[in-house]
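Examining the three-dimensional arrangement
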Protein chains: 2
Amino acid sequence: MEKKEAITINGAGLVGSLLSVLLARRGFDVEVYDMRPDPTENQVWGGRSINLALSNRGWQALKKASVTEEVEKTAIPMKGRMMHSTSGELTFQPYGKSGQAIYSVSREGLNRLLVGKAKTMKNTHFYFSHKCSRVELDKQRLTFKDLLTEEKKKVHYDYLIGTDGAYSKVRLAMQRKNRFNYSQQFLEHGYKELRIPPNANGDFAMEPHALHIWPRKQFMLIALPNPDKSFTATLFLAYEGAQSFKKLQTDEQVSTFFKEEFPDTLELIPDLLEQFHRNPTPSLVTIRCSPWNYENALLMGDSSHAIVPFYGQGMNAGFEDCFLFDQLLEQSDIPLCELFDAFQANRKKDADAIADLALQNFIEMRDLVADPEFLLRKKIEARLNQLFPEKWLPLYSMVTFSHIPYSKALAIGKKQEAVMDRLMKMDEVRNNWQVMDFTGMSALDEYFGEEQ
Amino acid sequence: MEKKEAITINGAGLVGSLLSVLLARRGFDVEVYDMRPDPTENQVWGGRSINLALSNRGWQALKKASVTEEVEKTAIPMKGRMMHSTSGELTFQPYGKSGQAIYSVSREGLNRLLVGKAKTMKNTHFYFSHKCSRVELDKQRLTFKDLLTEEKKKVHYDYLIGTDGAYSKVRLAMQRKNRFNYSQQFLEHGYKELRIPPNANGDFAMEPHALHIWPRKQFMLIALPNPDKSFTATLFLAYEGAQSFKKLQTDEQVSTFFKEEFPDTLELIPDLLEQFHRNPTPSLVTIRCSPWNYENALLMGDSSHAIVPFYGQGMNAGFEDCFLFDQLLEQSDIPLCELFDAFQANRKKDADAIADLALQNFIEMRDLVADPEFLLRKKIEARLNQLFPEKWLPLYSMVTFSHIPYSKALAIGKKQEAVMDRLMKMDEVRNNWQVMDFTGMSALDEYFGEEQ
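Residues numbered from 1 in each chain as written. Chains lettered and ligands numbered in written order. Predicted model: local features only at pLDDT ≥ 70, side-chain atom pairs only at ≥ 80, totals over all residues. Heavy atoms only, no water.

**Observations regarding the overall build of chain A**
We apply this condition: Only runs of H or I of at least four residues qualify as helices and only runs of E of at least two qualify as strands under DSSP, and these elements are numbered from the N terminus. Throughout, the radius of gyration refers to the C-alpha atoms, and the reference size of a globule is 2.2 Å times the residue count to the power 0.38. When accessible area is computed with a 1.4 Å probe and restricted to protein chains, residues below 20% of their type maximum are described as buried, those above 50% as exposed, and intermediate ones as partly exposed. Contact definition: two residues touch when any of their heavy atoms are within 4.5 Å.
When its secondary structure is counted, chain A shows 15 helices and 19 strands. Against the globule reference of 22 Å for 452 residues, chain A gives a C-alpha radius of gyration of 23 Å, in line with a compact fold. C-alpha atoms of chain A, sized along the principal axes, occupy 70 × 60 × 45 Å. Looking at chain A residue by residue over its 452 residues, the buried ones come to 55%. For chain A, the share of sequence-separated contacts (at least 6 apart) that also reach a separation of at least 24 residues comes to 69%.

Structure follows, in structure tokens:
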């Protein structure tokens, strides 16, 4: 392995730690800084939500880091959505074909695993408890405060990759440069996490192999399983308005709301009121910017494209960044600065597409999945996929179970929507979709013609 | 006039100075700060482009400030676009009906006039050469540096209105608050201003009552007349690419470019090369944000909605902000904070619409106006307006010569576009538009039906 340039990474979260493994494998000298303490030496690791849905794009990148076997040990497959109606009725909708699933993984556990893996490689160097206080792009210099010694350090970098999240310090320095396009858009909804403990038998309190959704049109509750047989439930609700966090101030307001909207959760969360008042109510932001690079600095993951969590693709998109960057390194021997440019020029449209898809999917999750018409549509789409596996891959499957670029998936998804709008108006289809062969239908034939 | 609250305005540019007049008229105690020296005492007043197109929305607001007579003395009516082809051929396209025009005014002159007007009112107080260095929204406090004495001053405000432009300090303070939506998008084009002096006879070197355009698809040159019989020409061109500022570095490159693209300007700008190298190449940005208010602070004009200049509506939109805010003050006696809220809740959609329209119009100006098909379309639209003056007002006229909210104009414009797409395909229309009465046509009847 020939000696290569030194790359400095700011942020040892999921994307930064995976990236450090991939870059070290290619022979780069990798220095990684993070303000948090070393997760391999600490059980509590700051950060955001507790569990995440890992899907194919993420797995593909983890494979390159040779950690999939280890991840599989605790990952819990979720084969579909389990919808909970107000009366407690359950409806299951599979995510894809038999055998396909998304996987609930612990953010903290996965991060610890990746940092641990990177630390076994001799050309990585980790600096934890180092808070980045200044980024000087033109001087290629970072300033850190060592939170343990209170010491200030100035560090030179040859190349810098900012994997420091939605509120990135590296991006902030780029924002001060001329002609940097930037947008931050907040949802009117915030979220609150609530833990559903194992039941009295020490087992999962609900079906573990599903992502649970309580769709209530303008808001929703979801729950993902954890390895300790608890679930992490998350309430997504507007901050203000008729039904909002603002209207959930007193014990009585919270109790009444859950009794009316999510009655089947009351016995699952015995300490609901305590958790509700104690846990914070963070906001949900979509961040877009361009360009992602400035001379020998590059943004990756949330720092360049933070998205809302409703497609379960935030981490997966960040991991795919790492995968694609690594692929570029493999296929090309152009200088790193040009590689940074090529990476962002190719990837930006896909980051924009998954940002749009994630926003759209909020409406699907909180509202449409409770609509029988929508569920029929999804069943017909699944049938089309079964009949024409090469020609009709539903949008959710393209995003979740394939490596089709997000922008292409979005474009195909729009065409499919137009086809489905036509099919859903046909009585023939509505009544016979389970037995008909869907041949000789102009709506479909036109679509198949275009896609070939 | 009863004594009212004190309002502090940061920024004495066009919007800030007009606003100070309107607020003082309503009895508010108005304090205005600006980093630049007093324009009424100085001939050189920093800021942006030299002249601007004033149209109906702007006039309406100036009327409230009783300054229209004074403005009319130097405003130069431009009745339409004068297109210059590469071979020097001229084509004139009127903006509206006979008698309608937009007016070229001097930014500096208008600003001086408005500050002068405000200073004659006893409840206004101006602090020039005061650079705002800090905005503390929760403490209701501003910090200024007096650029003449180098002294620092902390100033309390009861109410604050930020009219401090696209790079607003007040907005920057709002950006640090949670859940502030913000976007800055730069065009790939920059601009360069070039002065066309009066001709040898001391007269205008081209037709003065027109806005001159040299449309060249991906770029364009425009020119507006000034009271001293010069024109200010502006080249809009990409920073990078095949035809770009980057490719115009040497004397020879600049000369060749102008010779090929704008040959009729060569004798009009004798010192072209000197001006080209000396003058800066600023960027063009669209800024959107929300909310525009935070407790007792509000943004107005470019600080809340900076737009690109291609619809000639930046100043007009800012002046209309003042007009509408003043109208709210007149019609309502709710507390100012609630008024701030009502103002932004109602106005935001219109700011977004004019931002979109301005971006669209760049393509129209630099490309479409050179297309015979487009010019035919505009002529047919003018004919429809003549036949159905109440029912068909072309988009340009709605934006420029009416007070229809921008968002409504944009929506109607889209419907008109669909109608025109249909009409332009009919030979009957293409051949007979000058003589036919356009009755009994389903495309039009449907549109008229909807608009009534």
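**Concerning the pattern of salt bridges**
Pairs can form between side chains of opposite charge whenever their charged atoms are close. Condition: Criterion for a salt bridge: a side-chain nitrogen of Lys or Arg within 4 Å of a carboxyl oxygen of Asp or Glu.
For the structure shown, the criterion picks out 59 salt bridges over all chains. Among the ionic pairs, arginine 26 of chain B bridges to glutamate 330 of chain B, the shortest N-O distance being 3.2 Å. Linking arginine 26 of chain B in the loop between helix H1 (14-25) and strand E2 (29-33) with glutamate 330 of chain B in helix H9 (residues 314-331), this pair joins segments that are 304 residues apart in sequence. For arginine 26 of chain B, a relative accessible area of 21% puts it in the partly exposed group. Of the residues examined, glutamate 330 of chain B reaches a relative accessible area of 52% and is grouped as exposed. Among the ionic pairs, lysine 145 of chain B bridges to glutamate 150 of chain B, the shortest N-O distance being 3.7 Å. Owing to a relative accessible area of 54%, glutamate 150 of chain B belongs among the exposed residues under this scheme. Because the salt bridges share partners, they merge into one network encompassing Arg26, Lys64, Asp326 and Glu330 of chain A.

**Considerations on the interface of chain A and chain B**
The criterion, for reference: Buried surface area refers to the total accessible area, computed with a probe of radius 1.4 Å, that the two partners give up upon joining, counted for both partners together. Each residue receives one of three labels: charged for Asp, Glu, Lys and Arg, nonpolar for Ala, Val, Leu, Ile, Met, Phe, Trp, Tyr, Cys and Pro, and polar for the others, Gly being one of them.
Across the boundary between the two partners, chain A contributes 14 residues, which contact 14 residues of chain B. Summed over both partners, the interface of chain A with chain B comes to about 1200 Å²; 41% of that surface belongs to carbon and sulfur atoms. Contact with chain B buries surface across chain A, with Arg179, Asn181 and Phe186 of chain A losing the most and accounting together for 45% of the total. Summed over the shared surface of chain A and chain B, the result is 0 salt bridges. Top contributing element to the side of chain A that touches chain B by residue count: strand E13 (residues 181-196) of chain A, with 8 residues. Classifying every residue of the side of chain A that touches chain B gives 5 nonpolar, 7 polar and 2 charged.

**Quick word on H1 of chain B**
Residues and elements named next belong to chain B. Rule in force here: Expected helix span is taken as 1.5 Å per residue step, with the number of steps being one fewer than the number of residues.
If you check H1, its first and last C-alpha atoms are 17 Å apart, about what 12 residues at 1.5 Å a residue would give, namely 16 Å. In terms of burial, H1 is a largely internal element, 11 of the 12 residues being buried. Those residues of H1 not exposed but buried are Leu14, Val15, Gly16, Ser17, Leu18, Leu19, Ser20, Val21, Leu22, Leu23 and Ala24. Note on H1: the residue one or two positions beyond its end, glycine 27, has a positive phi of about 95°.

**Concerning the domain arrangement of chain A**
All names here are of chain A. The following threshold applies: Domain delimitation follows an automatic or database domain assignment. Identification of polar contacts relies on pairs of N or O atoms within 3.5 Å, with a donor-acceptor requirement for protein atoms, meaning one able to donate a hydrogen and the other able to accept it, and with residues adjacent in sequence counted only if both atoms are side-chain atoms.
What the domain assignment lists for chain A is domain 1 (6-77 + 104-183 + 287-360), domain 2 (185-283) and domain 3 (371-451). If you look at the interface, domain 1 gives 15 residues, while domain 2 gives 15 residues. A buried area of about 1200 Å², summed over both sides, lies between domain 1 and domain 2, and 67% of it is on carbon and sulfur atoms. Among the residues domain 1 hides against domain 2, the three largest losses belong to Asn51, Ile76 and Phe310. Together they make up 38% of the total. Linking domain 1 to domain 2 there are 0 salt bridges. There are 4 residue pairs in polar contact (both at pLDDT 80 or more) connecting domain 1 and domain 2. Listed by contribution, the elements that provide at least two residues to the side of domain 1 that touches domain 2 are strand E3 (51-54) and strand E4 (76-78).

**With respect to the relation of the copies chain A and chain B**
Definition in use: In this comparison the copies share one frame, found by least squares on the C-alpha atoms of residues holding pLDDT of at least 70 in both.
With an RMSD of 0.0 Å, the fit of chain A onto chain B corresponds to turning through 180° and sliding 0.0 Å along the axis. Here the symmetry operator amounts to a two-fold rotation axis. Distance from the rotation axis, computed per C-alpha, reaches its smallest value in chain A at serine 183 of chain A: 2.0 Å. Mapped onto chain B, 100% of the interface residues of chain A are again interface residues, and the two copies thus contact each other with one and the same surface.

**Quick word on the sheet that holds strand E9 (residues 130-136) of chain B**
Residue and element names in this part refer to chain B. So the rule is basically this: Pairing between two strands is assigned when DSSP locates at least 2 bridges connecting them. The angle between two axes is taken between their N-to-C directions and runs from 0 to 180 degrees, where each axis is a line fitted to C-alpha atoms and a helix contributes only its stretch in contact.
Reading across the sheet, the 3 strands line up as E9-E10-E11 and stay open at both edges, with antiparallel pairing between neighbours. Since the sheet does not close on itself, it has two edges, and those belong to E9 and strand E11 (152-156), each with one partner. The mean angle between the axes of side-by-side strands here comes to 25°, regardless of whether they run parallel or antiparallel. Note that E9 and strand E10 (residues 141-146) share 6 bridges and pair antiparallel. Paired with lysine 131 across the strands is lysine 145, a residue of E10.

**Things to note about the packing of helix H2 (residues 56-64) of chain A against helix H9 (residues 314-331) of chain A**
Residues and elements named next belong to chain A. Cut-off, in case you're wondering: With respect to orientation, any angle under 35 degrees is reported as roughly parallel, any angle over 145 as roughly antiparallel, any angle of 65 to 115 as roughly perpendicular, and every other angle as oblique. With the far helix as reference, a near helix turned anticlockwise by less than a right angle produces a left-handed crossing, and one turned clockwise produces a right-handed crossing.
Relative to each other, H2 and H9 sit at 45°, their axes nearing to 8 Å. Judged on the interaxial angle alone, H9 and H2 are oblique. For the crossing formed where H2 meets H9, the hand is left-handed. For the pair formed by H2 and H9, the contact residues are Arg57, Gly58, Gln60, Ala61, Leu62 and Lys64 on the first element and Asn316, Phe319, Glu320, Phe323, Asp326, Gln327 and Glu330 on the second. When its residues are assigned to classes, the contact of H2 with H9 shows 4 nonpolar, 4 polar and 5 charged.

**Considerations on the packing of aromatic side chains**
Both the distance between ring centres and the angle between the ring planes are used here to describe each pair of aromatic rings. All names here are of chain B. For the record, the criterion: Whether two aromatic rings pair depends on their centres lying within 6.5 Å, for rings of Phe, Tyr and Trp, where Trp uses its six-membered ring; planes under 30 degrees apart make the pair stacked, over 60 edge-to-face, and the rest tilted.
The final tally for this structure, using the stated rule, is 54 aromatic pairs over all chains. Residues phenylalanine 258 and phenylalanine 276 carry aromatic rings whose centres are separated by 6.2 Å and whose planes lie at 85° to one another, so their mutual orientation is edge-to-face. Of this pair, phenylalanine 258 sits in helix H6 (residues 251-261) while phenylalanine 276 sits in helix H7 (residues 272-278), placing them 18 residues apart in sequence. For the pair phenylalanine 258 and phenylalanine 276, a shared accessibility class is recorded, and that class is buried. Taking the centre distance of 5.7 Å and the plane angle of 90° together, the rings of phenylalanine 325 and phenylalanine 343 count as edge-to-face.

**Considerations on the sheet that holds strand E18 (residues 293-294) of chain B**
Residues and elements named next belong to chain B. Pairing is mixed in the open sheet, where 6 strands are placed in the order E8-E2-E1-E12-E19-E18. In this open sheet, the two strands that pair with only one neighbour each are strand E8 (124-127) and E18. Against the sheet, H1 touches strand E1 (6-10), E2, E8 and strand E12 (159-162), its axis set at about 170° to E1.

**Some words on the side chain of serine 397 of chain A**
Residue and element names in this part refer to chain A. Within the fold, serine 397 resides in helix H12 (residues 395-401). Accessibility expressed as a relative area gives 7% for serine 397, which makes it buried. Residue contacts for serine 397: discarding those within four places in its chain leaves Tyr95, Gly96 and Ser402.

**As for helix H11 (residues 372-387) of chain A**
Helix length check: H11 of chain A (16 residues) gives 23 Å between terminal C-alpha atoms against 22 Å at 1.5 Å per residue, within 8%. For H11 of chain A, every residue scored as buried is listed here: Phe374, Leu375, Leu376, Arg377, Ile380, Glu381, Arg383, Leu384 and Asn385 of chain A.

**A few points about the pairing of E8 of chain B**
Residues and elements named next belong to chain B. By the alternation rule, side chains of E8 split into Thr124 and Phe126, which are all buried, and His125 and Tyr127, of which none is buried. Inspection of the sheet shows E2 paired to E8 by 4 bridges, in the parallel sense. Of the residues in E8, the one forming a bridge with tyrosine 33 is tyrosine 127.

**Here's the deal with the pairing of strand E6 (residues 90-94) of chain A**
Residue and element names in this part refer to chain A. In terms of strand pairing, strand E5 (residues 80-84) meets E6 through 5 bridges, oriented antiparallel. Within the sheet, the bridge partner assigned to arginine 81 lies in E6 and is glutamine 93. Counted along the chain from E5 to the antiparallel partner E6, the turn is 5 residues long, and its residue glycine 88 has a positive phi close to 90°.

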